Amino acid sequence: MYTINKIVSILNTDAGIADNSHIIEQLLTDSRRLIFPSTTLFFAIVTQRRDGHNYIREMYDRGVRNFVVRRHHFDTAAFANANFIFTDNTLTALQALAAYHRRQFNYPVVAITGSNGKTIVKEWLYQLLSADYNIVRSPRSYNSQLGVALSVWQMNAGNSLAIFEAGISMPGEMEKLENIIQPTIGILTNIGSAHSENFISAEQKTEEKCRLFKNCATVITNGDHASIVETIHKSSVANIIAWGNNDNNAIQIFSRCAHEDHVAVELRYDNVIHQFNIPFTDEASVQNAETCIAVLLYLNIPAEEINERLQALQPVDMRLQLIPAINNCALINDSYNFDIASFAVALDFVQQQNQFTHRTVILSDVPGDGNGAYTEIIFMLKARNINSVIVIGEQWKTYFSSLKEVVKDSYYYASTNDFLDRYSTSFFRSQVILLKGARRFGFENIAAALQQKVHRTVMEINLTSIVHNLNEYRKLLKPGVKIMAMVKASGYGSGSAEIANVLQYHKADYLAVAYADEGVELRRANIRLPIMIMNVDEEAFEQVIQYNLEPEIYSISILKSFDAFLNKQGLQYYPVHIKIDTGMHRLGFGEDETDELIGMLKAGNRLAVKSVFSHLVAGEDAAEDAFSFRQAEKLEAACGRLEAALHYPFLKHISNSAASIRLPQLQLDMIRLGIGLYGIDSSNSHVLSLQQAVTLKTTIAQLRKLRSGDTVGYNRRGKIQEDAIIATLRIGYADGFRRALSNGVGKVFIKGKPAPVVGLVAMDMAMVDVTHINDVEEGDEAEIFGSHISVSEVAKSCGTIAYEILTGISGRVKRVYIEE
């Protein structure tokens, strides 16, 4: 805890202090994550996309009284009794405060960097060393310029070891992170191609990462890469503990023997031979585990103890999944570990689920002594307006009365089995449920009981990738250009409400849907953003008004009808969007209708034009750019006439996902993002680093050995030319796996290898040839599209477009939403 005056002194800057009695415990940069207003210091961070000063009024109204702002950037006069610290750069101030806080502690601090594996190594070290140390660590993947500072702020005198990640994306960043973390032990996992776009060479990126080790006493890394070891030597005087195959490594690995469920590793350290059994078989996990073994050997953990702990090592899924559950509920399963930092992140994800008005949290005991943690958890539950709480474990018995005072609808169970024996499914109805518990409580059994039992074909929607793609497009936008996100057709097959929630949370400006009932669904899911309805008719007018939706007006007849409806309701200045036909010749006002349109808009005060827009015919096609520019000229001409007649401004927009990349001149006041949000670049420009956000996968129902001459499927269309192993998949054209993929046209990926479709795709099943893939078993996953094959590739095989593939995924396919 620091007094506000102490923080002013640390930052060596000027301030306006109205009340010097304030004690600061929490640092905050994101207004959505406020929990403890009275002890929070809010840093108004300014980025390319967001200015934190715009949220100070909201923070003040919610009880925050301590702020760090840019000097001469913000007028503080309207905020009585608030403390303002002035600085030239609020991010630099946050980092300086975190660096000062770090210097107050003398226990070991481990810093992990590398292209891949940072989070896994950190989490595994936490699992492997928790018996020996009280560990503070980075929440999830908090490894950025912001995240590292917030992670280090968690350090306190009760800890005995800190483990932090450090990630960079451009030169000059690691020196700042090193100054914050001040590590005593460094770990370099590997150097790969990830995040290389801002470095001129792999050597430059390696040098930058190794700046983290400048003042380390020890650095642990794979010694088989001599150039990396040499770079560490140049960057630091640290003792290097190198592991790997080479005989000059401090930890030399002699052999790796792969078994069905583990890899046996034999190595030498300090002239003693050891064997360790790593309970994973994939290459990345083995490499990460070997890094952890090296760290534990350096920390003098006995080899026998290391081996025993390795067997309890759990895979780390850093993703939060939103899964359909019983009785119209949704389940967030985050039960691989339990600490305050990860609980706060999980509560943030709960808050995003505005489609549910009731929020339930199921908690286990907190690992370790955790006494102070219970009071903090209870306060967090109150601050987040959690409606119901179920606690499981002996320790919660002590704190249950305090919990009950805060959340009256609370229930106690002694154990997981006690809950499973006594709970009623009727308790859970139309709510979002967070499952958060320590591994030993076996909450996976609760997850299995609460999950909706559905078809084993699953469509995963990665919400983190959607946010990434949104921000990629934001990089291209001129200052002030807004984003309208298209969530029609159930969010391109991904689920309208779930996608709209994440877009609302990340400050999209507008949403658009095709029909009024889609807009109604979003309003019922507590979506508050303005929503444009692109195809409205008279029957929907009542819903439009009732749910505050904004219709697209595209014809004189619709304009007259809606104007008459508003007149009958006695409504004025209702927001509408005017569509101009500039060449699509589908919907919209023609040039010859402009005078009549202007006349009707001026005739009364019932309509307020929010935007005027048009639809590009071929925004993705360079051959049609001249036509695209002519369309934009026609739109500008129509907007000029309308603006002159109406005497007030409105938004203008014409660009879709492809045009916003290819034709930045056409961004105007707003762009409309659709399929680009899902990582599909219809422009094929590859300007942006988009991530495909959707994965469709199923499982193998049966394996069958067939002989040459046998046939597969309806009409004997699949003819076996030589002996083969055929897998039957739990997916068919009723799920969206199109019949056009039959007879070798399409393929799926199993164990990372392609398996061609054999015979005709049936309604509920499809058959693929897995003869050339080793160790295939019934129940194995098959990827229809995802990391190995893109939606665009599948669409090309079908002779169609990615839009049709995505929107054609059946409603019976379970949607699972993931946040990393």
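Residues numbered from 1 in each chain as written. Predicted model: local features only at pLDDT ≥ 70, side-chain atom pairs only at ≥ 80, totals over all residues. Heavy atoms only, no water.

Draft legend 1. Structural context of the packing of aromatic side chains. Under the definition given, this model contains 23 aromatic pairs. Judged by centre distance (5.0 Å) and plane angle (65°), the rings of Phe541 and Phe562 are edge-to-face. Remark: Phe562 occurs in helix α21 (residues 556-569) and Phe541 occurs in helix α20 (residues 541-546); sequence separation between them is 21 residues. Comparing Phe541 with Phe562 shows no difference in burial state: the two are buried. Three or more aromatic residues link up through ring pairs in this structure, and these residues are Phe42, Tyr60, Phe67, Phe74, Phe79 and Phe84. Its end group placed over the ring of Tyr505, Arg32 keeps NZ or CZ at 3.9 Å from the ring centre. Lying over the aromatic face of Tyr126, Arg137 brings its terminal NZ or CZ to 3.6 Å of the ring centre. (Phe/Tyr/Trp six-rings, centres within 6.5 Å; stacked < 30°, edge-to-face > 60°. Helix = DSSP H or I, 4+ residues; strand = E, 2+ residues; numbered from the N terminus. Buried < 20%, exposed > 50% of the residue type's maximum accessible area, 1.4 Å probe, protein only. Lys NZ or Arg CZ within 6 Å of the ring centre and 35° of its normal.)

Draft legend 2. Just a negative patch on the surface, in detail. On the surface, Glu260, Asp261, Asp775 and Glu777 cluster together into a patch of negative charge. Structurally, Glu260 can be placed in the loop between β14 (251-258) and β15 (263-269). (Patch = residues over 30% accessible without salt bridge, like charges linked within 9 Å, V, L, I, M, F, W, Y side chains within 5 Å. Areas by Shrake-Rupley, 256 points an atom, 1.4 Å probe, with all protein chains shown as cover. Salt bridge = Lys/Arg side-chain N within 4 Å of Asp/Glu carboxyl O. Lys, Arg positive; Asp, Glu negative; His and termini not counted. Charge placed at Lys NZ, Arg CZ, Asp CG, Glu CD.)

Draft legend 3. Representation of unusual backbone geometry within the structure. Unlike most non-glycine residues, His72 shows phi in positive territory, near 65°. One non-glycine residue, Lys751, lies in the positive phi region at around 55°.

Draft legend 4. Structural detail: the sheet that holds β14. Spatially, β9-β10-β8-β11-β12-β13-β14-β15-β16 is the arrangement adopted by the nine strands of the open sheet, whose pairing is mixed. A strand with exactly one partner marks an edge of an open sheet, and here the two such strands are β9 (135-137) and β16 (272-278). When the angles between neighbouring strand axes are averaged without regard to direction, this sheet yields 20°. For strand β13 (residues 239-244) and β14, the ladder comprises two bridges, and the chain directions are parallel. Bridge assignment links Trp243 to a residue of β14, and that residue is Ile251. (Pairing = 2+ DSSP bridges. Axes fitted to C-alpha atoms, helices over the stretch in contact; angles between N-to-C directions.)

Draft legend 5. Inspection of the pattern of salt bridges at higher detail. Counting across every chain of the model gives 32 salt bridges. Note that Lys234 is salt-bridged to Glu230, the shortest N-O span being 3.6 Å. With Lys234 and Glu230 both in helix α8 (residues 226-235), this residue pair falls four residues apart, about one helical turn. Since its relative accessible area comes to 67%, Lys234 is described here as exposed. Across the pair Asp780 and Lys751 runs a salt bridge whose closest N-O atoms are separated by 3.8 Å.

Draft legend 6. Molecular detail of the pairing of strand β18 (residues 329-333). Most of β18 sits inside the fold, with four of its five residues counted as buried. The pairing of strand β17 (residues 320-325) with β18 spans five bridges and is classified as antiparallel. Of the residues in β18, the one forming a bridge with Ile323 is Leu331. Counted along the chain from β17 to the antiparallel partner β18, the turn is three residues long, and its residue Asn327 has a positive phi close to 55°.

Draft legend 7. Spotlight on the nonpolar core. The biggest cluster of nonpolar side chains holds 163 residues, and the ones touching the most others in it are Leu503 and Phe785. By residue number, the principal contributor to this core is helix α23 (residues 625-646), which donates seven residues. Formed by 49 residues, the second largest nonpolar core is a distinct cluster that contains Ala93, Val148, Val152 and Phe164. (Core = buried A, V, L, I, M, F, W, Y, C linked by side-chain atoms within 4.5 Å.)

Draft legend 8. Molecular detail of the side chain of Thr39. Note that Thr39 resides in the loop between β4 (26-28) and β5 (40-43). Since its relative accessible area comes to 17%, Thr39 is described here as buried. Ignoring sequence-local partners within four residues, the contact set of Thr39 consists of Ile23, Ile24, Glu25 and Gln26. (Contact = heavy atoms within 4.5 Å.)

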